[in-house]
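Topology and contacts: notes
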Amino acid sequence: MRLLATTEPHRALRRRAFALSLANGLEDATPPLLLGLAVDTVSRGSGSLLGSIGLKTLGSRLFALGGLSVGFWMLSALIEYFTDRARADLANAVRHDLRVALYNRIQTLDVGQVESKEVSDWLAIIDADVNQVHGFIRQGLTPFFSTASNLVIVAGTFLVVSPSFALVQLLMLPPLIFASRSLLKPIRIGYMKARDDGERMGALLSGNLQGISTIASFNAQEVEAERVKEYSQRYTQSIRNAERIEAIYVPSLRAIAGGGFITSIVWGGLKVSGGTLSMGALNTMALTQLRLLSAIARLGYGLDQYQRTATALERIYKTLDSHATILGGQKALPKSYVRGDIVFDNVTFGYDASRPILKSISLRCPAGKTIGIVGATGAGKSTVMKLMLRFHDPQEGRLLLDGENVSNLSLGDLRESISLVSQQVTLFAGSIHENIAYGRRSATRAEVINAAKVAEAHEFIMQLPEQYDTPLGSGGLSLSGGQRQRIAIARAILADRPILLFDEATSALDFETEAALQRSLDAFVADRSTVVVAHRLSTVRHADMIYFLSNGEVSECGTHDELLAARGAYAGMWMIQTGEKSQASKAAQHLLTAS
């Protein structure tokens, strides 16, 4: 019913596709009528149906029957052609609508919601599940229309021949309904489990193929082959169990319908022998029921498609019914009015609320200043960035921008005020120019080049075959890590936003390139609020304020010189990174040896 509602924007096309499908099914069920008419024409002569309308000779009756058959087959071919076209058009329209709706819905979800699933899971919904629905509308409905049409023909035939016997045949319906209801639910549950196991196997294969170099470097091919075998066996067993139950379905229906066919043969034979029923009528009755049995046999394919589609639709509509939990406020935030004063006031946050990553931290980035955030891996540095962008909301405390709680601000305006350069650079399929201009698509080539120069990217871009028009594949894997980072920095520069967030944005650069980049960026960041997360302390040594995070708390803060003078954790990390600690240890060891 939900799928039917999805086709509502294409109501005229849906009506045409369904009407033609039913007509096509009726046409497919009518050959027994022609055959019965032929038997009646030959066996009863002038007393036949064709004889009763004035065709006196056998030849005229047979020629009329032949002409009728030719017309029927031509009409049949036309109906099938238009049916196929209409269903294909409807299937393509629904696939397009679902794909676009799913993508738009996923984009509106919280970043945390999207990241909670593997990329392969989202692709399975947008691609595989949507294609399953397309295939069901395109071909999977055929057995159902065929069965329905055959039921109409059988009912009509029996009502014409003998209304009382038609009522007797209705006794088949209760066992048919009972068999369907008893088997469809376990079949669906079986296919849902098989789908889940198939997803796990797909995620494993996707991860292994992406990490093939790591597998090879650890010589873990045999281990991974065994894991793939295990996941594949689990999926195979699940699909086998579902198909085993499904295999019972069609034979059960055929057995019940076959009982009606046997009744017709026995009853009809007695009627023919008693002279109360013509041979042609009995032939038509028997053949229509055989066509019904054949249609029921084809229900196996339709049922298989139906169950797979039901599972796909459940995932599709579950996604479409999902909603973001982080909602923007009502207060507008024009970019030109943003000063960039950022305050974390006793903020506590954890991706799992029972295990906080940030614990009552308080820090400030004054408008137009640069702060650095450093600390050990897992201290919560990147999480600070995600909270600024409202990818997540804190469980406790407040995050203020220019004195206003960010939860009160328009979400779109908030993010329009911030440029993020992440360690995990995302480049899109397209040219280098298009990637740099991603945040300002109307930028001229001169503006793009200027941003690339500030990001120290212009020189290597000019050495590429097509320079700024060089196409990049998804991810820009043809470039080195440092080149990708510089393009991402150029993109942030060109976006020209009042707040800049650099999350390990220069980690892939050598010291010389980083130093040159820092010099180029000095003028650009002078009037912007800039937050720099870094492992390499040389990246933040010139910041106006540096916060050292340890176990989710601010353990030290101050300028570079103040923190060195304090001789705390920051100073210790600085000595390790510059080699001073190692040199001091060697000198002390030399003195001990000499003494």
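Residues numbered from 1 in each chain as written. Predicted model: local features only at pLDDT ≥ 70, side-chain atom pairs only at ≥ 80, totals over all residues. Heavy atoms only, no water.

1. Points about the packing of aromatic side chains
Summed over all chains, the structure comprises 4 aromatic pairs. Residues Phe-349 and Tyr-351 carry aromatic rings whose centres are separated by 5.0 Å and whose planes lie at 80° to one another, so their mutual orientation is edge-to-face. Between Phe-428 and Tyr-438, the aromatic rings sit 4.6 Å apart at their centres with planes inclined by 15°, giving stacked as the arrangement. Here the residue Phe-428 occupies a position in the loop between strand E6 (418-421) and strand E7 (430-431), and Tyr-438 occupies one in the loop between helix H16 (432-436) and helix H17 (445-454), the gap between them amounting to 10 residues. Looking at Phe-428, the relative accessible area reads 33%, which means it is partly exposed. The exposure class of Tyr-438 is partly exposed, given its relative accessible area of 37%. Positioned above the aromatic ring of Tyr-231 is the side chain of Arg-234, whose terminal nitrogen or guanidinium carbon lies 5.0 Å from the ring centre. (Phe/Tyr/Trp six-rings, centres within 6.5 Å; stacked < 30°, edge-to-face > 60°. Helix = DSSP H or I, 4+ residues; strand = E, 2+ residues; numbered from the N terminus. Buried < 20%, exposed > 50% of the residue type's maximum accessible area, 1.4 Å probe, protein only. Lys NZ or Arg CZ within 6 Å of the ring centre and 35° of its normal.)

2. Some thoughts on the pattern of salt bridges
The tally for this structure, following the rule as stated, stands at 21 salt bridges. The shortest N-O distance in the salt bridge between Glu-230 and Arg-234 comes to 2.8 Å. Here Glu-230 pairs with Arg-234, and both are found in helix H12 (residues 221-273), just 4 residues apart, close to one helical turn. Judged by its relative accessible area of 40%, Glu-230 is partly exposed. The salt bridge involving Arg-528 is made with Asp-527; its shortest N-O contact spans 3.3 Å. Connected via shared salt-bridge partners are Glu-8, Arg-11 and Arg-14. (Salt bridge = Lys/Arg side-chain N within 4 Å of Asp/Glu carboxyl O.)

3. Topic: the sheet that holds strand E11 (residues 545-550)
One open sheet accounts for 6 strands, arranged E6-E9-E10-E3-E11-E12; its pairing is mixed. Single-partner strands in this sheet number two, and they are E6 and strand E12 (553-558). In this sheet, adjacent strand axes meet at a mean angle of 15° when their direction is disregarded. Bridge analysis of E11 against E12 gives 5 bridges, and the strand direction is antiparallel. Opposite Leu-549, over in E12, you have Val-554 as the bridge partner. Across the sheet, helix H19 (residues 481-495) touches E6 and strand E9 (499-503), and the angle it forms with E6 is around 175°. (Pairing = 2+ DSSP bridges. Axes fitted to C-alpha atoms, helices over the stretch in contact; angles between N-to-C directions. Contact = heavy atoms within 4.5 Å.)

4. Some points on the confidence of the model for the chain
Taken as a whole, the chain shows an average pLDDT of 79; of its residues, 83% reach a score of 70 or greater. With pLDDT under 50 throughout, residues 582-595 is counted as low confidence; its partners more than four residues away or in other chains account for 0 contacts. (pLDDT = per-residue confidence, 0-100.)

5. Here we look at the packing of helix H5 (residues 58-108) against helix H7 (residues 119-140)
The contact between H5 and H7 brings their axes to 8 Å, and the two run at 160°. Taken together, the axes of H5 and H7 are roughly antiparallel relative to one another. As H5 packs across H7, the resulting crossing turns out to be right-handed. Contact residues: H5 offers Asp-84, Arg-87, Ala-88, Leu-90, Ala-91, Asn-92, Val-94, Arg-95, Leu-98, Arg-99, Leu-102 and Ile-106, while H7 offers Trp-122, Ile-125, Ile-126, Val-130, Asn-131, Val-133, His-134, Ile-137, Arg-138 and Gln-139. (Parallel < 35°, antiparallel > 145°, perpendicular 65-115°, else oblique. Left-handed = near helix turned anticlockwise from the far one by under 90°.)

6. Considerations on a nonpolar patch on the surface
Together, Ile-262, Ile-265, Val-266 and Leu-270 line one region of the surface with nonpolar side chains, adding up to about 390 Å² of accessible area. Overall, the relative accessible area of 60% leaves Leu-270 in the exposed class. (Patch = residues over 30% accessible without salt bridge, like charges linked within 9 Å, V, L, I, M, F, W, Y side chains within 5 Å. Areas by Shrake-Rupley, 256 points an atom, 1.4 Å probe, with all protein chains shown as cover.)

7. Structural notes on the pairing of E9
Most of E9 is tucked away: 5 of the 5 residues are buried. Going residue by residue along E9, you find Ile-499, Leu-501 and Asp-503 tucked away on one face and Leu-500 and Phe-502 tucked away on the opposite face as well. Two elements, E6 and E9, share 4 bridges in a ladder whose sense is parallel. When the sheet's bridge partners are listed, Ser-419 is paired in E9 with Leu-500.

8. Side note on helix H22 (residues 569-578)
Along H22, the residues that are buried comprise Tyr-570, Ala-571, Gly-572, Met-573 and Trp-574. Immediately beyond the C-terminal end of H22, within one or two residues, lies Gly-579, with a positive phi of roughly 90°.

9. Re the environment of Leu-500
Take Leu-500: it is sitting in strand E9. Note: C-alpha distance between Leu-500 and Ser-417 (83 residues apart in sequence) is 8.7 Å. Once residues lying within four places of it in the same chain are set aside, the contact partners of Leu-500 are Ser-419, Ala-492, Phe-524, Val-525, Arg-528, Ser-529, Thr-530 and Val-531.

10. What about the packing of H17 against H19?
For the pair H17 and H19, interaxial distance at closest approach is 8 Å and the crossing angle is 125°. As summarised for this structure, H17 and H19 are arranged oblique, according to the angle between their axes. Handedness of the H17/H19 crossing: right-handed. Counted together, Glu-447, Val-448, Ala-451, Ala-452 and Val-454 of H17 and Ala-490, Ile-493 and Leu-494 of H19 form the full contact between these two elements. Across the contact of H17 with H19, the residue classes break down as 7 nonpolar, no polar and 1 charged. (Nonpolar A, V, L, I, M, F, W, Y, C, P; charged D, E, K, R; others polar.)

11. With respect to the nonpolar core
Counting residues in each nonpolar core, the largest one holds 43 residues, and the members touching the most others are Ile-432, Ile-436, Ile-461, Ile-493 and Tyr-570. Secondary structure elements with two or more residues in this core: H16, H17, helix H18 (458-462), H19, E9, helix H20 (511-525), E11 and H22. Tallying contributions element by element places H19 first for this core, with 7 residues. Listed in part, the 32 residues of the second largest apolar core include Phe-391, Val-406, Ile-499 and Leu-549. (Core = buried A, V, L, I, M, F, W, Y, C linked by side-chain atoms within 4.5 Å.)

12. Looking at the environment of Met-192
Within the secondary structure, Met-192 is located in helix H10 (residues 173-210). Between the C-alpha atom of Met-192 and that of Ile-239, which follows or precedes it by 47 residues, the distance is 9.3 Å. Apart from the residues lying within four places of it in its own chain, the contact partners of Met-192 are Thr-311 and Glu-314.

13. Here we look at the environment of Thr-444
Looking at where Thr-444 falls in the secondary structure, it is placed in the loop between H16 and H17. Residue classification places Thr-444 among the partly exposed positions, given a relative accessible area of 41%. Considered as a pair, Thr-444 and His-433 are 11 residues apart in the sequence and their alpha carbons are 9.4 Å apart.

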